[in-house]
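Reading the structure
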Amino acid sequence: MEKIPARTDPADEVRRWVIPGESRVYVLTFGCQQNEADSERLLGLALSMGYGRADTPEDAELILVNTCAIREHAELKALSIIGGFKHVKEKNPRVIIGVCGCMAAEPHRVEDLKRRYPYVSFTLEPAKIASLPSLLAGVIRTKKRAFLLPDEPTAVPPIDEGIPVERLSRHKAWVSIMYGCNNFCTYCIVPYVRGRERSRESGEVLSEIKGLAASGVKEITLLGQNVNSYRSDCDFAGLVRRIGEIEGDFRLRFMTSHPKDVSDDLIACFGTVPHLAPQFHLPIQSGSDGILRKMNRRYDVARYLSIVERLRARDPAITLTSDVIVGFPGESDADFEATLDLLRLVRFDAVYSFIYSPRRGTPAAEYPDPVPPDVSRARMRRLLDLQCEISAEKNRPLLGQTLRVLCDGPSPDGTPGIMTGRTAGGKLVHFPAPEEVAGTFVQIKIDRADAFALRGTLTE
Ligand code: SF4
């Protein structure tokens, strides 16, 4: 009888290609926290196949570029960096370059990468991270490039549990609890590149968080494109309550939420559920009901304000932050003034504002009445000035207070002896301290409060 050859595990095929101690992987991440979390899985998979970690692309034999498609600028920046990797491949033909992330789920970009970037070996869309070993094994075995056409946006890809994760921080962790989005805001590419919403089983999420808490992680952020529409055997508020029962000294945050999915039960979690940090990031996008309708946001300003009122009734000191898009097609002066009025009324602690960037394939990219770039820029400046004033005013009452801060590490600007951390409300604090306090909670007396950061002194 003819013998059927045993199927080779693709990860084993890659392991045979990898030169121990020499072959290293470099992962470059663009974009949001979800991409950072995905990069930790890409890295985990590569390490599990025998690669070591490279500090620079020049030291790597496997380069994974985890891209973002949310704005044109992010895509062009990624393409320009990918272009720079040509010389790495020329120097070492063993180098394999893969483009992952949201750009790898855009058919026109996949085509572009295939045609114009011959040194790129494969693309891998975000919903298929688990297939990195088989993709890589195929490229190594056949010496052919692999550019798979992304799934249709209507697809509901399976959730792959058990992918190894190489966490880049020892004290902070991302935990993805749901993937994809069903909302189709008219400006947004996410539903087309990350597929339909699907949630992880609550048991999987809880056991991951128990493990993180037991290993001493101090801050856990639940991630999802539309995190508060999570649903498995419980809804999002139910999940938050169950996480509140887990033992450990850690803070719980979540992002990004959609106003239409903010339930009374979720609001009631603040101040009652242990671990839950007093912070809510809730994108408003515009203060004009007309623009919100054109954006297909499915709430109006009145509904948004009622959420803010209820959140502040539960916890008057809760940190509220938001996202705003400036210059959406058809945004009139009056629409923009309505956004400024909303900012004055709500008085967010911080606002992340963006000039509208048309995304191919989204309805808004076809809308008439584009706002001229100079008008958008002028509006943006006014918005930033206003929010800067508000943020400074919101931070001022913190002067003289002593706050519990989770120290993240040395200040990113490299000032010697200065460490950086976050308050429970998520405010950035700089303070002089020894490096040993990185990754621990410290008490900081605030002695300066600016719009974007606080400064203080270690009190213990
Ligand atoms: S809710 Fe809207 S903005 Fe957020 S990911 Fe979904 S479509 Fe994009």
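Up top is the structure these notes are about.
The following paragraphs examine the structure supplied in this document. Just so you know, these numbers come straight off a predicted model, no measurement behind them.

One ladder, built from 2 bridges, connects strand S16 (residues 428–432) with strand S18 (residues 454–458); its direction is parallel. Looking across to S18, one finds that Val 429 is bridged to Leu 454. Across 5 bridges, the pairing between strand S17 (residues 441–449) and S18 is antiparallel. Note that in S18 the partner of Ile 444 across the bridge is Leu 458. Connecting S17 to the next strand, S18, in antiparallel fashion are 4 residues.

With that out of the way, let us pick up the pattern of salt bridges. This structure, assessed with the given rule, holds 28 salt bridges. Across the salt bridge formed by Asp 12 and Arg 15, the nearest N and O atoms sit 2.5 Å from each other. With a gap of 3 residues between them, Asp 12 and Arg 15 both fall in helix H1 (residues 10–17), about one helical turn apart. Note that Arg 41 and Asp 38 form a salt bridge whose closest N and O atoms lie 3.5 Å from each other. In this pair, Arg 41 and Asp 38 are both assigned in helix H2 (residues 33–48), 3 residues apart and thus about one turn of the helix distant. We note that Arg 41, like Asp 38, is buried. A single network of salt bridges, built from pairs that share partners, joins Glu 72, Glu 75, Arg 109, Asp 112, Arg 116 and Arg 359.

Our focus in this paragraph is the side chain of Gln 225. Positionally, Gln 225 belongs in the loop between strand S9 (219–223) and helix H9 (236–244). A polar side-chain atom of Gln 225 sits 3.2 Å from the main-chain amide nitrogen of Gly 180. If sequence neighbours within four positions are ignored, Gln 225 has contacts with Gln 34, Met 178, Tyr 179, Gly 180, Cys 181, Val 190, Arg 194 and Thr 256.

Attention now moves to empty space enclosed by the protein. Taken as a whole and judged by the stated rule, the model has 2 cavities of 30 Å³ or more. Quantified by volume, the largest cavity comes out at close to 160 Å³. Surrounding the largest cavity, 16 residues form its lining, Arg 41, Pro 126, Ala 127, Tyr 179 and Arg 198 being those nearest its centre. Class assignment for the residues of the lining of the largest cavity results in 9 nonpolar, 2 polar and 5 charged.

Bringing H9 into the picture now. Taking burial as the measure, the 9 residues of H9 include 7 buried ones, the bulk of the element. Restricting attention to buried positions, one finds in H9 the residues Phe 236, Ala 237, Gly 238, Leu 239, Val 240, Ile 243 and Gly 244. Where the residues of H9 are buried, they touch helix H8 (202–214), S9, strand S10 (251–255) and helix H10 (264–269). Of the residues that open H9, the one with a side-chain oxygen 3.3 Å from the backbone nitrogen of Ala 237 is Asp 235.

Turning our eyes to something else, we now look at the packing of aromatic side chains. Summed over the entire model, instances satisfying the criterion amount to 11 aromatic pairs. Aromatic pair Tyr 187 and Phe 328: ring centres 6.3 Å apart, planes at 85°, arrangement edge-to-face. Of the two residues, Tyr 187 sits in the loop between strand S7 (178–179) and helix H7 (190–193) while Phe 328 sits in the loop between strand S12 (319–326) and helix H13 (333–346), which places them 141 residues apart along the sequence. For the pair formed by Tyr 187 and Phe 328, the shared burial category is buried. Consider the rings of Phe 236 and Phe 254, whose centres lie 5.0 Å apart with planes at 75°: the pair is edge-to-face.

Counting residues in hydrophobic clusters, the biggest one holds 67 residues, and the most contacted among them are Ile 177, Leu 222 and Phe 280. Beyond its immediate stretch of four places on either side in the chain, Leu 222 contacts Val 175, Ile 177, Ile 209, Val 227, Phe 236, Ile 243, Leu 252, Arg 253, Phe 254 and Met 255. In this structure, Val 25, Tyr 51, Leu 132 and Ile 163 belong to the second largest nonpolar core, which totals 26 residues.

Overall, parallel pairing links the 3 strands, which are arranged S6-S9-S10 in an open sheet. On the outer flanks of this sheet lie strand S6 (172–176) and S10, each paired with one strand and no other. The sheet shows a mean angle of 25° between the axes of neighbouring strands, taken without regard to direction. The strands that H2 touches are S6, S9 and S10; relative to S6, the one it contacts most, it runs at about 95°.

What follows concerns helix H6 (residues 132–142). With respect to burial, H6 is a largely interior element, 8 of its 11 residues being buried. Those residues of H6 that fall on the buried side of the exposure criterion are Leu 132, Pro 133, Leu 135, Leu 136, Ala 137, Gly 138, Val 139 and Ile 140. Those residues of H6 that are buried lie in contact with H1, H2, strand S3 (62–67), strand S4 (96–101) and strand S5 (122–124). Directly beyond the C-terminal end of H6, a positive phi value near 60° is found at Lys 143.

What follows deals with the sheet that holds S5. In space, the 5 strands of this open sheet follow the order S2-S1-S3-S4-S5, with parallel pairing throughout. Where the open sheet ends on each side, the last strands, each with one partner, are strand S2 (52–53) and S5. Across 3 bridges, the pairing between S4 and S5 is parallel. Looking at S5, one finds that Val 99 is bridged to Thr 123. H2 contacts strand S1 (24–29), S2, S3, S4 and S5 of the sheet and is inclined by roughly 170° relative to S1.

Cut-off values and rules
- Residues numbered from 1 in each chain as written.
- Predicted model: local features only at pLDDT ≥ 70, side-chain atom pairs only at ≥ 80, totals over all residues.
- Heavy atoms only, no water.
- Pairing = 2+ DSSP bridges.
- Helix = DSSP H or I, 4+ residues; strand = E, 2+ residues; numbered from the N terminus.
- Salt bridge = Lys/Arg side-chain N within 4 Å of Asp/Glu carboxyl O.
- Buried < 20%, exposed > 50% of the residue type's maximum accessible area, 1.4 Å probe, protein only.
- Polar contact = N/O pair within 3.5 Å; in protein donor to acceptor, adjacent residues only side chain to side chain.
- Contact = heavy atoms within 4.5 Å.
- 1 Å grid on protein atoms, 1.4 Å probe; cavity = no way out; pocket = protein on both sides within 12 Å on 5 of 7 lines; lining within 4 Å.
- Points joined across faces, edges and corners; volume = space filled by probe spheres on them.
- Nonpolar A, V, L, I, M, F, W, Y, C, P; charged D, E, K, R; others polar.
- Phe/Tyr/Trp six-rings, centres within 6.5 Å; stacked < 30°, edge-to-face > 60°.
- Core = buried A, V, L, I, M, F, W, Y, C linked by side-chain atoms within 4.5 Å.
- Axes fitted to C-alpha atoms, helices over the stretch in contact; angles between N-to-C directions.

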